[in-house]
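Per-entry structural report
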Amino acid sequence: MQTTQAFPSKLPNVGTTIFTVMSKLAADTGALNLSQGYPNFNTDPVLIELVAKAMRDGHNQYAPMPGVPVLREAIAQKTARCYNVAYNPETEITVTTGATEAIYAAITTVVQPDRSAGPDEVIVFEPAYDSYVPAIELSGGKPVFVSLDAPGSAIDWNVVRGKITDRTRLIIVNTPHNPTGYVWTTDDLNQLADLVQKHNLFVISDEVYEHLIFDERVHHSLMQHPLLRERTFVVGSFGKTFHTTGWKIGYCLAPTDLTAEFRKVHQFVTFSVSTPMQYALAEYLRNPAPYEALPAFYQRKRDLFLQSIHHSRFQFVPSEGTFFQNVSYAGITSEPDYDLAVRLTRDIGVASIPVSVFYHDRTDHKTLRFCFAKDDETLVQAGERLTRWSLNQ
Ligand SMILES: Cc1ncc(COP(=O)(O)O)c(C=O)c1O
């Protein structure tokens, strides 16, 4: 029976994501895959052994809905250590299925379709990670875009102020920022806090790259601003921090009243998260060394990749944070970034992500995003191929 005709899509503009498309193309063509954001090296064997131990110890049934208490306690301790901010593990910390679920649940918690004569509006900085807008739309909200003028550029707060209306309900922040690498400053936090106070807004702060930050920069978590701490869902992920993106374990920190509503959504999206992995992470978090080593670890990889394209015709500003490096090819060719990303995958075997996919209107700054969470040989080989290609154009 044909049902599709009478079945309206709730996300008519959404297709298969570019990440799936490029990773498949890379696999089909045997290209070096610097597109999707995940490491091509393994996590710490100590962490793997802790999972196996938790399984052997019988931690194989449903976890409590907000997360196992020892993990919530460990997250509270890590947060206090890193940012000197206290969260109550009982009432303010929820373990989620990756940051993606936390973001979805937080958006669903806050955004309403018709609260004040029209849909709630949500400020989204573009280029933007691709899960934000569909989640806003599924809640009947309206995304309002603020463009970060060129990739890597700072936030123009006058533009942000100009986009605030009576219906603005939420602002989504991502620092360090995928795909530009931009890291929020304390001035950004103060500017945001002014707006939040004046217009009674909520904030989701996607901080999954909190430990991937370079050149002696400091990650300013939104929780460190007292006013923002009371209005913000801070989202973290163990995927980026411990090279375990496939485990999909993240968390949300928010004040008690926000967490109470957040958990109502979370319990009907996934209810709870993989039990043995939660026990393993709780134990592993006792040692800060693995996450404290991350800035140096990834800065070396960033520099290795940049060194390998140093003599190319690509232009770039070293990434401030995340494991992504944007490079401009504007001086080489004028072809659309999507076409070039596909062509480079096919012709020279290097897959990347065209940055236009992070804009709702596909703004094309002639920029490609490369993920440098790869082994050294892959980075150097990719750089050599890109350099050779650029010099032959
Ligand atoms: C900015 C940003 N937020 C969230 C996520 C998703 O994190 P998780 O895998 O923990 O769901 C990613 C993954 O690439 C990301 O880049």
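Above this text you will find the structure in question.
Structural notes, computed from the coordinates. Keep in mind that this is a model prediction, so the values were computed, not measured. (Residues numbered from 1 in each chain as written. Predicted model: local features only at pLDDT ≥ 70, side-chain atom pairs only at ≥ 80, totals over all residues. Heavy atoms only, no water.)

**Let's talk about the nonpolar core**
Membership of the largest hydrophobic core comes to 68 residues, with the highest contact counts inside it found for Ile107, Leu170, Phe233, Phe305, Phe323 and Leu386. Counting residues per element, this core draws most heavily on helix H4 (residues 98-110), at 7 residues. When residues of this core are assigned to domains, at least three fall in each of domain 1 (18-43 + 292-391) and domain 2 (61-290). Excluding residues within four positions of it along the chain, Leu170 makes contact with Ile107, Val110, Val111, Glu121, Val122, Ile123, Phe202, Val203 and Ile204. (Core = buried A, V, L, I, M, F, W, Y, C linked by side-chain atoms within 4.5 Å. Buried < 20%, exposed > 50% of the residue type's maximum accessible area, 1.4 Å probe, protein only. Helix = DSSP H or I, 4+ residues; strand = E, 2+ residues; numbered from the N terminus. Domains from an automatic or database assignment. Contact = heavy atoms within 4.5 Å.)

**Concerning the environment of His365**
Along the chain, His365 falls in the loop between strand S11 (353-354) and strand S12 (367-371). In the structure, His365 is positioned 11 residues away from Pro354 in sequence and 9.3 Å away in space, judged by C-alpha atoms. Looking at His365, its side chain comes within polar contact range of the side chain of Tyr359, at 3.4 Å. (Polar contact = N/O pair within 3.5 Å; in protein donor to acceptor, adjacent residues only side chain to side chain.)

**Quick word on the site of the ligand**
As a matter of local geometry, the ligand sits amid Gly98, Ala99, Thr100, Tyr129, Asn174, Asn178, Asp206, Val208, Tyr209, Ser237, Lys240 and Lys248. One of the side-chain N or O atoms of Asp206 is found 2.5 Å from a nitrogen atom in the ligand. Tyr209 has a polar side-chain atom sitting 2.7 Å from an oxygen atom of the ligand. Alone, the ligand offers 400 Å² of accessible surface; in the complex the protein occludes 93% of this. For the shell around the ligand, the element with the highest residue contribution is H4, accounting for 3 residues. (Near = heavy atom within 4 Å. Areas by Shrake-Rupley, 256 points an atom, 1.4 Å probe, with all protein chains shown as cover.)

**What about the sheet that holds strand S2 (residues 93-96)?**
What the 7 strands build is an open sheet, ordered S2-S8-S7-S6-S5-S3-S4; its pairing is mixed. The open sheet has two edge strands, S2 and strand S4 (142-147), and neither has a second partner. Ignoring which end each strand starts from, the neighbouring axes of this sheet average 20° apart. Both S2 and strand S8 (residues 250-253) contribute to a ladder of 4 bridges, which runs antiparallel. Residue pairing across strands places Val95 opposite Tyr251, the latter belonging to S8. (Pairing = 2+ DSSP bridges. Axes fitted to C-alpha atoms, helices over the stretch in contact; angles between N-to-C directions.)

**Remarks on unusual backbone geometry**
The step from Thr175 to Pro176 runs through a cis peptide bond, and the omega angle for that step is -15°. Summarising the element assignment, Pro176 is placed in the loop between strand S5 (168-174) and helix H7 (186-199). A cis amide bond links Asn178 to the next residue, Pro179, at an omega of 15°. Looking at the secondary structure, you find Pro179 in the loop between S5 and H7. With a phi angle near 60°, Asn84 is a residue other than glycine that sits in the positive phi range. Its place among the elements puts Asn84 in the loop between helix H3 (69-83) and S2. The phi torsion at Arg362 lies on the positive side, around 60°, for a residue other than glycine. Looking at the element boundaries, Arg362 is found in the loop between S11 and S12.

**So, the side chain of Asn326**
Along the chain, Asn326 falls in strand S9 (residues 324-328). When its relative accessible area of 11% is taken as the criterion, Asn326 is described as buried. Separated by 3.0 Å, the side chain of Asn326 and the backbone oxygen of Pro179 make a polar contact.

**A short note on the pattern of salt bridges**
Scanning the entire structure with this criterion turns up 21 salt bridges. Across the pair Glu292 and Arg81 runs a salt bridge, and its minimum N-O distance is 2.9 Å. With Glu292 in helix H12 (residues 289-292) and Arg81 in helix H3, this residue pair connects regions lying 211 residues apart in the sequence. Among the salt bridges present, the one from Lys366 reaches Asp364, with a minimum N-O distance of 3.1 Å. The exposure class assigned to Asp364 is partly exposed, which follows from its relative accessible area of 27%. It is possible to trace a salt-bridge network through shared partners that takes in Asp215, Arg217, Arg302, Asp303 and Glu320. (Salt bridge = Lys/Arg side-chain N within 4 Å of Asp/Glu carboxyl O.)

**Focus: the packing of aromatic side chains**
Within this structure, the stated rule accounts for 20 aromatic pairs. When the centroid spacing of 5.4 Å and the interplanar angle of 75° are considered together, the rings of Tyr209 and Phe323 count as edge-to-face. Separated by 114 residues along the polypeptide, Tyr209 in the loop between strand S6 (202-206) and helix H8 (226-229) and Phe323 in the loop between helix H13 (294-308) and S9 bring together distant segments of the chain. Across the pair, exposure class does not vary: Tyr209 and Phe323 are buried alike. Ring geometry for Phe242 against Tyr284: centres 4.9 Å apart, planes inclined by 85°, an arrangement best described as edge-to-face. Here Phe242 is found in the loop between helix H9 (238-241) and S8, whereas its partner Tyr284 is found in helix H11 (residues 275-284), with 42 residues between them in sequence. A single burial state applies to Phe242 and to Tyr284, both of which are buried. A connected cluster of aromatic rings, assembled from ring pairs, spans Phe41, Tyr209, Phe214, Phe297, Tyr298, Phe323, Phe324 and Phe372. Arg231 extends its terminal NZ or CZ atom over the ring of Phe202, reaching a point 4.1 Å from the ring centre. Just above the ring of Phe324 sits the side chain of Arg369; from NZ or CZ to the centre is 3.6 Å. (Phe/Tyr/Trp six-rings, centres within 6.5 Å; stacked < 30°, edge-to-face > 60°. Lys NZ or Arg CZ within 6 Å of the ring centre and 35° of its normal.)

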